[in-house]
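Summary of structural features
One letter stands for each residue in the lines below.
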Amino acid sequence: MAEILCSTGALIGRANNRDYHILQSLSERLQCDGYEFMVYSSWYEEWEALADYLVGLGLYMPVVHCDKRIGESVSEGEDIARADSGAAAKFRINCELARRIGARSLVIHLWGGMASDQHFERHMRAYPVLRNIAAEYGLDLLVENVVCNKENPLKHLCQLAEEYPEIHYVWDTKMAAFHGEETQLYRQEYAWLWQQGHICHYHVNDYGGGYMDWSSTIGRAVLPIGAGHVDFDAFFAFIRQSGYDGSYTVEATAFGDDGRVDVEILNRCFERIRQGIAG
């Protein structure tokens, strides 16, 4: 049965001092089935206390989103296969946190930052290292179709699958729209992505900018469903036709500059997904 999750990144950010304690009260008002926990790089010194707190909450958190800086480190040239790799050590903390809170899947931005996908061979080498570490912790590593500044994410997903046929992906509607690839998923030439089970999770977010529009909301506020121009009628028609029955995460930024969270923004997104997958 499909699960609709809320990204904790939609609730917790700099505006509210990344205070994860607010999850306790907010979870009582959010009409989702569980959570995708977003890891921030500022939490490493307190990650064990964070893990204990999350376990104590007892919330269902089947997915953890890794610290985005890990993929950025690879983009910048760090060899995570080295024994002294700081990025690999941090990735292990992400994995241990995920295991402690009962997650099954781990989302990774395999590239990122200013360097982005400029040297994609680095990411081709890094993927099996990260996958094998995640497997040690019983986690399925999911590579996201994150934005690029040289090529496009779909090209890289194809390259990765050719080299690593068992690879699993997260498809983000916002990231796809940024590159004009939101409808590519529906084309027969890319049917293998879902027919062979590569796409195991969806991030369902809107986008309001143009093609590779760096002045848009990419990297800033994530738009809720209906606030941009992604054709979600077409998206959900595809979902129903494909027979997908897995999980979805809503990442729409629900807090303003004052840090207060508007849960209704998210609840409307959850309901739109329920309606969309039901037809």
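The sections below set out a description of the structure shown in this document. (Residues numbered from 1 in each chain as written. Predicted model: local features only at pLDDT ≥ 70, side-chain atom pairs only at ≥ 80, totals over all residues. Heavy atoms only, no water.)

Section: the overall build of the protein chain
- The helix and strand tally for the protein chain stands at ten helices and eight strands.
- A globule of 279 residues ought to have a C-alpha radius of gyration of about 19 Å, and the protein chain, at 18 Å, matches this closely.
- Considering the protein chain as a whole, with its 279 residues, one finds that 56% of them fall into the buried category.
- In the protein chain, 79% of the contacts between residues at least 6 apart in sequence involve partners at least 24 apart.
- If you sum the accessible surface of the protein chain, you get close to 12,200 Å²; carbon and sulfur atoms cover 46% of it.
- Here the protein chain contributes 24 positive and 40 negative side-chain charges, whose respective centroids are spaced 2 Å apart. (Helix = DSSP H or I, 4+ residues; strand = E, 2+ residues; numbered from the N terminus. Rg over C-alpha atoms; globule rule 2.2 N^0.38 Å. Buried < 20%, exposed > 50% of the residue type's maximum accessible area, 1.4 Å probe, protein only. Contact = heavy atoms within 4.5 Å. Areas by Shrake-Rupley, 256 points an atom, 1.4 Å probe, with all protein chains shown as cover. Lys, Arg positive; Asp, Glu negative; His and termini not counted. Charge placed at Lys NZ, Arg CZ, Asp CG, Glu CD.)

A closer look at the state of the cysteines
- All told, the structure shown has zero disulfides when counted by the stated rule.
- Take cysteine 95: it sits in no disulfide, and the sulfur closest to it among the cysteines is that of cysteine 66, at 6.1 Å. (Disulfide = S-S within 2.5 Å.)

Quick notes on unusual backbone geometry
- In this structure, asparagine 17 is a non-glycine residue whose phi angle is positive, near 60 degrees.
- Located in the positive-phi region is arginine 18, a residue other than glycine, with phi close to 50 degrees.
- Within the fold, arginine 18 resides in the loop between β1 (3-7) and α1 (23-26).

Focus: the packing of aromatic side chains
- A complete count under the given rule lists 17 aromatic pairs for this structure.
- Geometrically, the ring pair formed by tyrosine 202 and tyrosine 248 is stacked, given 6.0 Å between the ring centres and 20 degrees between the ring planes. In this pair, tyrosine 202 sits in strand β7 (residues 199-203) while tyrosine 248 sits in strand β8 (residues 247-250), placing the two residues 46 residues apart along the sequence.
- We classify tyrosine 202 as buried; its relative accessible area is 1%. (Phe/Tyr/Trp six-rings, centres within 6.5 Å; stacked < 30°, edge-to-face > 60°.)

Observations concerning the sheet that holds β1
- Strands sit in the order β1-β2-β3-β4-β5-β6-β7-β8 around a closed barrel of eight strands; the barrel is parallel. Along the sheet, successive strands turn relative to each other by an average axial angle of 30 degrees, direction set aside.
- In the packing of helix α4 (residues 86-100) onto the sheet, the strands contacted are β2 (34-38), β3 (63-65), β4 (105-108) and β5 (140-144), and the crossing angle to β4 comes to about 145 degrees.
- Its contacts with the sheet place helix α6 (residues 153-163) against β5 and β6 (168-172), and it is angled at close to 170 degrees to β6. (Pairing = 2+ DSSP bridges. Axes fitted to C-alpha atoms, helices over the stretch in contact; angles between N-to-C directions.)

Worth remembering: the numbers are spatial, not functional.
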